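Each chain, letter by letter, is given below.
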Amino acid sequence: MHEKPGLEYMRKIKYTFAVVLCLMTLQSTQTWSGEGNAGYPGEFLRYGVGPRALGTGGAFTALADDASAVYWNPAGLMTVQQTELTSMYSNLFYDTRYTFMGAALPRVIDQNTSVGLGWVNLAMTGFDQRDVHNRNMGSFDVYEQAFMLSVAREYVSTWGIVNYGVNFNLVNQAFPNYTSDQGWGFGTDVGATVKLINPFLLKLPLKYLLPLQFGISLKNIITPRVGFSENQKDEFPFSLRTGLSYRFTFDQWVLNTLYDYESIGTDHGHLNNHYGGFEAVFPWNNKGIVPKLRAGYNTKSQAPSFGAGLAFDATDNVKLNVDMAFALKPTDVLKNDIRLFLTLDFGTRYDDEFFLEQLTAEKEKYLQILARYPNDHVEIAAENLGTTLDSKNATRYFRLIGGLSLANELYTSVRAAVENNRFSKAGESAGMAVQEYELALEKQSVKFTEQDIRRYSECAMISGDYLKSTEQLQRIENPDYKSLYLLGTVYFIQGRHDLAVSHLQQSVDKNPNNLESLKALSLFLQGSVYFDNGEFEKAVVQLNQVTNQFNVQLNRYYSRFTFFNNPELDAVRLSDDAEFLIAQCYEKLGMEKEALNAYYNIQRYYPASNLVDESVEQIEKLLGRITQ
């Protein structure tokens, strides 16, 4: 009867396997405290899987949006767009095979839960098995493998979307003389990804914030332990990975840039590595053929990696991906690493179209669409979020899509600035609003209401573009009293006095009695026009209506900033200005007594007016002329 191989011999076999694994992962290039490192348990789970991750130098924690998420970061399963099956085969050092198979089942349990499955296997075959007398007992294989089950969920909020997941790993090692309890271990990993939308502190414009995503993965939270005996079990080390990804979009072309930082706790201290790379996607003439190129570098292997792939649309809902990853090795001992991948995507597409049609929760629906910026439904999402669902962040949403919504939001800012006498700020915001109104006009699908045109005109007026303001107001076929007032105002500014008086009078005639501010402003402007034209009697008639009937605070809705260039003027009351202009009319008419009385009225009825000092000066001049 043949004797079983001795324990020491089995340990040598296991050590040989570990050395091979060490060479594969290039740990020969790294040391702790000057001592060589011969690898450590679970290293086969750090060798890397997935064409995109390997092509980008191993940086994938923040993106992880394919079936390899079960390996890199289970939270990424929530961003996989279709059911996906993937496989990898690689023939490595000394007939060592490294294999991965994975499946991603996005939103399979419910709309907020995804599941993933994975299998990683590192195997060496064809070992001669001999007893202690060196008699051949046949051959055997040694391998390490892990079965993975991942579950991921998501949390959606106006501040951002958090995906989080957990990995359950069943690890198995096969060496001769291993019993069933010695060759198996269990461990768990956890991970998360974060896409910010309206964070509390980071107020980047959405256009630049939405392409950014953060990721974190903590491996071996529960540590697998595998070995010959309880005292000799190998404990897989804890590791932490953080990463970020940023997506640049150029029409249909996409460039993903990725970075990962890794820290592994070992008996020798912490091993830290950096990974970085990019992935470029170039859709080819909308014919369903999508070439992809990748490149990366990491401090672990200290060598670059490259990748390429082609995606083919087999049918409307089935896509085949063929990929290759290639890594240069820094030593002559190892050959360059080439791996081939085959991936199949099929079934429902969980994209912006899906969320628009399938989700019933309005806010979540539009936040999901927004998070996938850019896409065909971002404008709808931003419009609904900014208008009703999350109005406190309206400006951020509207700045993302521009056009009419942003223009009207900027108009609100213009009004607020004018009301607070911040006229330079008002002019700046008005200029921005005019640009957005113009962009909206270029879109034939955007319909302007009379209110939109009026706001456009006001912004153009405040920004100093009076011609554009006039052109827009003239588009209104049946203008109301507000539009007539604005048109009269812009005519007044342009010195077109006859048209100014005509439109201002029409505004007064159409104006409901309860809108005193607007009526007072119209009458005041008419009086100003008559004053400029030298028709002082008519001016007094109009201005007296202001002082007699509208001695009230003006509604700030229609600020006089549009026709008073001096920001020091009182932007709240109008009657004192009317009284001062009446006094000037009387002076022009040679009616000194009436002029003196009007100037005295300013001191008597408007002691807080900024015209008091000037009225005092005018009184002294008049009295001097009268006494001569």
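These numbers were taken from a predicted model, which means no experiment stands behind them.

Re the side chain of Arg-46
No. 1: Looking at the secondary structure, you find Arg-46 in the loop between strand E2 (35–36) and helix H2 (51–55).
No. 2: Here the side chain of Arg-46 touches Glu-262 through a polar contact of 2.6 Å, side chain to side chain.

Focus: empty space enclosed by the protein
No. 1: All chains considered together, the criterion is met by eight cavities of 30 Å³ or more.
No. 2: Each pocket or cavity is described by its volume, and for the second largest cavity that value is around 150 Å³.
No. 3: What lines the second largest cavity is a set of 17 residues, and nearest its centre among them are Gly-42, Leu-45, Arg-46, Lys-219 and Asn-220.
No. 4: Residue assignment for the lining of the second largest cavity shows that the elements contributing at least two residues are helix H3 (69–72), strand E7 (160–174) and strand E9 (212–222).
No. 5: For the lining of the second largest cavity, the residue count by class is nine nonpolar, five polar and three charged.

Quick notes on the pattern of salt bridges
No. 1: Per the counting criterion, the structure on display carries 21 salt bridges.
No. 2: For Arg-46, the salt bridge is made with Glu-262, and the minimal N-O distance between the two is 2.6 Å. Within this pair, whereas Arg-46 is found in the loop between E2 and H2, its partner Glu-262 is found in strand E13 (residues 253–266), the two being separated by 216 residues in sequence. Just as Arg-46 is buried, Glu-262 falls in that class too.
No. 3: Its salt-bridge partner being Asp-480, residue Arg-454 comes within 3.4 Å of it at the nearest N-O pair. On the criterion of sequence distance, the pair formed by Arg-454 in helix H11 (residues 450–462) and Asp-480 in the loop between helix H12 (466–473) and helix H13 (481–493) is long-range, its members being 26 residues apart.
No. 4: For Asp-480, a relative accessible area of 24% corresponds to the partly exposed category.
No. 5: One network of salt bridges, in which partners are shared, links Glu-43, Arg-46, Arg-241, Asp-260, Glu-262 and Lys-300.

Considerations on the packing of H11 against H12
No. 1: Look at H11 against H12: their axes get within 7 Å of each other, and the N-to-C directions meet at 165°. On the basis of their axis angle, the class for H11 and H12 is roughly antiparallel. Our pair here, H11 against H12, has a crossing hand that is left-handed. The segment H11 lies against H12, with Ile-453, Arg-454, Tyr-456, Ser-457, Ala-460 and Met-461 engaging Tyr-466, Lys-468, Ser-469, Gln-472 and Leu-473.
No. 2: Along the lines of polarity and charge, the residues of the contact of H11 with H12 split into six nonpolar, three polar and two charged.

Focus on the pairing of E9
No. 1: Sheet analysis places strand E8 (residues 184–196) next to E9, joined by six bridges and oriented antiparallel. In the sheet register, Thr-188 faces E9, and the bridge partner there is Ile-222.
No. 2: Examined bridge by bridge, E9 and strand E12 (residues 239–250) share eight bridges and lie antiparallel to one another. Following the sheet pairing, Phe-214 is matched in E12 by Leu-244.

Quick notes on the packing of aromatic side chains
No. 1: According to the stated counting rule, one finds twelve aromatic pairs in the structure shown.
No. 2: Consider the rings of Phe-531 and Phe-536, whose centres lie 5.5 Å apart with planes at 70°: the pair is edge-to-face.
No. 3: The rings of Tyr-350, Phe-354 and Phe-355 are connected pair by pair, giving a single aromatic cluster.
No. 4: Over the face of the ring belonging to Tyr-275 we find Arg-241, whose NZ or CZ atom lies 4.0 Å from the ring centre.

A few points about unusual backbone geometry
No. 1: At the junction of Tyr-373 and Pro-374, the peptide bond is cis and its omega measures out at -5° in the coordinates.
No. 2: Among the secondary structure elements, Pro-374 is positioned in the loop between helix H6 (362–371) and helix H7 (378–389).
No. 3: Positive phi values are uncommon outside glycine, yet Asn-220 reaches one of about 65°.
No. 4: Topologically, Asn-220 is positioned in strand E9.
No. 5: On the accessibility criterion, Asn-220 (11% relative accessible area) is buried.
No. 6: Positive phi values are uncommon outside glycine, yet Gln-302 reaches one of about 55°.
No. 7: Within the element layout of this structure, Gln-302 appears in the loop between strand E15 (289–298) and strand E16 (303–315).

So, the side chain of Asn-198
No. 1: Note on placement: Asn-198 falls in the loop between E8 and helix H4 (206–209).
No. 2: Here the side chain of Asn-198 touches Arg-396 through a polar contact of 2.7 Å, side chain to side chain.
No. 3: A polar contact is formed between the side chain of Asn-198 and the side chain of Tyr-397, at a distance of 2.7 Å.
No. 4: Leaving out residues up to four positions away in the same chain, Asn-198 has contacts with Thr-158, Trp-159, Lys-203, Leu-206, Asp-390, Asn-393, Arg-396 and Tyr-397.

Topic: the pairing of E8
No. 1: The pairing of E7 with E8 spans 13 bridges and is antiparallel. The partner of Val-171 across the bridge, within E8, is Gly-185.

Let's talk about a nonpolar patch on the surface
No. 1: Nonpolar side chains collect at one region of the surface, where Leu-117, Phe-147, Leu-149, Phe-168, Leu-170, Trp-184, Phe-186, Ile-221, Ile-222 and Phe-238 lie side by side and expose about 850 Å² of accessible area between them.
No. 2: Those elements giving two or more residues to the nonpolar patch turn out to be strand E6 (136–157), E7, E8 and E9.
No. 3: If you trace the backbone, Ile-221 turns up in strand E9.
No. 4: Its relative accessible area of 42% is what places Ile-221 among the partly exposed residues.

Looking at H13
Because each turn of an α-helix spans 3.6 residues, side chains separated by three or four positions end up pointing in the same direction.
No. 1: The terminal C-alpha atoms of H13, which comprises 13 residues, lie 18 Å apart, in line with the 18 Å expected from a rise of 1.5 Å per residue.
No. 2: Most of H13 sits inside the fold, with eleven of its 13 residues counted as buried.
No. 3: Along H13, the residues that are buried comprise Tyr-481, Ser-483, Leu-484, Tyr-485, Leu-486, Leu-487, Gly-488, Thr-489, Val-490, Tyr-491 and Phe-492.
No. 4: Two or three places before Lys-482, at the opening of H13, Asp-480 has a side-chain oxygen 3.2 Å from that residue's backbone nitrogen.

Some remarks on the confidence of the model for the chain
No. 1: Considering every residue of the chain, the mean pLDDT works out to 84; 83% of them sit at 70 or more.
No. 2: The secondary-structure element of the chain with the lowest mean pLDDT is strand E1 (residues 31–32), recorded at 32, while H3 shows the highest, at 97.
No. 3: Segment residues 1–12 is flagged for pLDDT under 50; beyond a separation of four residues in sequence, or across chains, it makes 19 contacts in the model.
No. 4: The model gives residues 555–572 a pLDDT under 50, and that stretch makes 48 contacts with residues more than four places away or in other chains.

Thoughts on H12
No. 1: Among the residues of H12, Lys-468, Ser-469, Thr-470, Gln-472 and Leu-473 are the ones counted as buried.
No. 2: Considering only its buried residues, H12 is in contact with helix H10 (423–442), H11 and H13.

Structural notes on the nonpolar core
No. 1: Ile-197, Leu-370, Tyr-397, Tyr-437, Cys-459 and Leu-543 are the most contacted members of the largest nonpolar core, which totals 90 residues.
No. 2: When neighbours within four sequence positions are excluded, Tyr-437 is seen to be in contact with Leu-404, Ala-407, Asn-408, Tyr-411, Phe-448, Asp-452, Arg-455, Tyr-456 and Cys-459.
No. 3: Tyr-71, Ala-104, Leu-122 and Val-171 belong to the second largest nonpolar core, which has 35 residues in total.

Digging into the environment of Ala-500
No. 1: Relative to the elements of secondary structure, Ala-500 occurs in helix H14 (residues 497–510).
No. 2: On the accessibility criterion, Ala-500 (0% relative accessible area) is buried.
No. 3: Residues Ala-500 and Ser-522 lie 22 residues apart in sequence; the distance between their C-alpha atoms is 9.6 Å.
No. 4: Beyond its immediate stretch of four places on either side in the chain, Ala-500 contacts Gly-488, Tyr-491, Phe-492 and Val-529.

Reading guide: rules and limits
Residues numbered from 1 in each chain as written. Predicted model: local features only at pLDDT ≥ 70, side-chain atom pairs only at ≥ 80, totals over all residues. Heavy atoms only, no water. Helix = DSSP H or I, 4+ residues; strand = E, 2+ residues; numbered from the N terminus. Polar contact = N/O pair within 3.5 Å; in protein donor to acceptor, adjacent residues only side chain to side chain. 1 Å grid on protein atoms, 1.4 Å probe; cavity = no way out; pocket = protein on both sides within 12 Å on 5 of 7 lines; lining within 4 Å. Points joined across faces, edges and corners; volume = space filled by probe spheres on them. Nonpolar A, V, L, I, M, F, W, Y, C, P; charged D, E, K, R; others polar. Salt bridge = Lys/Arg side-chain N within 4 Å of Asp/Glu carboxyl O. Buried < 20%, exposed > 50% of the residue type's maximum accessible area, 1.4 Å probe, protein only. Axes fitted to C-alpha atoms, helices over the stretch in contact; angles between N-to-C directions. Parallel < 35°, antiparallel > 145°, perpendicular 65-115°, else oblique. Left-handed = near helix turned anticlockwise from the far one by under 90°. Contact = heavy atoms within 4.5 Å. Pairing = 2+ DSSP bridges. Phe/Tyr/Trp six-rings, centres within 6.5 Å; stacked < 30°, edge-to-face > 60°. Lys NZ or Arg CZ within 6 Å of the ring centre and 35° of its normal. Patch = residues over 30% accessible without salt bridge, like charges linked within 9 Å, V, L, I, M, F, W, Y side chains within 5 Å. Areas by Shrake-Rupley, 256 points an atom, 1.4 Å probe, with all protein chains shown as cover. Expected span 1.5 Å × (residues − 1). pLDDT = per-residue confidence, 0-100. Core = buried A, V, L, I, M, F, W, Y, C linked by side-chain atoms within 4.5 Å.

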